[in-house]
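Letter by letter, the chains look like this.
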Amino acid sequence: MRQFRLFVLITVLASVSLPSTVSSDAASADSCRFVLGFKTIHDLIPGVVGTCLANEHYNPTNGDALQETTNGLLVWRKSDNFTVFTDGHRSWVNGPFGLRMRLNTQRFPWESDAARFPPAPEQLCDPSYPTVCIPPPPPDLDCQDIPFRDFTVLPLDPHRLDGDNDRIGCET
Ligand SMILES: [Ca+2]
Ligand SMILES: [Ca+2]
């Protein structure tokens, strides 16, 4: 009986096809971690990115770096040196103006393949929060209204997201 169950388990495991980009040195979830640009995005939107499922690894066909998470995929693009998280529908791109969100079917004008996609709509971002995009009030926003954590806050902080004035908003 035990042998039969083991056989079933092995059969089930063998039938789960891994994405071709997962290299053999990808770590298991309990030993993986976020580093460098992937850590930057994860720490800014931890609830959006989720936890890691593997360590960063390379796609040998285009040189991109990849890391699977519980909510999607982190990608460092060799083509334009930007780091992106996608949940399969939306993408958060850490570009020259901080972290910006768009649909996967759109591009920001500063992305290398922008000419081949419709442009992402213009977003109004308050200059008090330069590493992310938070629209100016009204309405007033609080930490529970936004996905961003531990982001830079400059005066005048119109949403009052940095109550202790240490220039870090919505601390984890
Ligand atoms: Ca507020
Ligand atoms: Ca603070």
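Residues numbered from 1 in each chain as written. Chains lettered and ligands numbered in written order. Predicted model: local features only at pLDDT ≥ 70, side-chain atom pairs only at ≥ 80, totals over all residues.

Let's talk about the sheet that holds strand S4 (residues 83-86)
Spatial strand order, S1-S2-S3-S4-S5-S6: six strands in an open sheet with antiparallel pairing. Of all strands in the sheet, those bounded by a partner on one side alone are strand S1 (57-58) and strand S6 (98-103). Note that strand S3 (residues 73-76) and S4 share four bridges and pair antiparallel. By the bridge assignment for S4, Trp 76 is matched with Thr 83. (Pairing = 2+ DSSP bridges. Helix = DSSP H or I, 4+ residues; strand = E, 2+ residues; numbered from the N terminus.)

Observations regarding the pairing of strand S2 (residues 65-68)
Where S1 lies against S2, two bridges are found, and the strand directions are antiparallel. What sits directly across from His 57, in S2, is Leu 66. In textbook terms, the turn of a hairpin is the stretch between consecutive antiparallel strands, and for S1 and S2 this stretch comprises six residues, one of which, Gly 63, has a positive phi near 80 degrees. Between S2 and S3, which follow one another and run antiparallel, lie four residues.

Some words on the environment of Asn 59
You can see Asn 59 is positioned in the loop between S1 and S2. With 16 C-beta atoms packed within 10 Å, Asn 59 lands in the partly exposed category. Residues Asn 59 and Val 75, 16 residues apart in the sequence, show an inter-C-alpha distance of 9.8 Å. (Buried ≥ 20, exposed ≤ 12 C-beta atoms within 10 Å, placed from the backbone.)

Notes on the pairing of S3
Pairing analysis gives four bridges linking S2 to S3, with the strands arranged antiparallel. Residue pairing across strands places Gln 67 opposite Leu 74, the latter belonging to S3. Here S3 folds back onto S4 in antiparallel fashion, the turn holding six residues, of which Asn 81 has a positive phi close to 65 degrees.

By themselves, these observations are geometric and do not establish any function.
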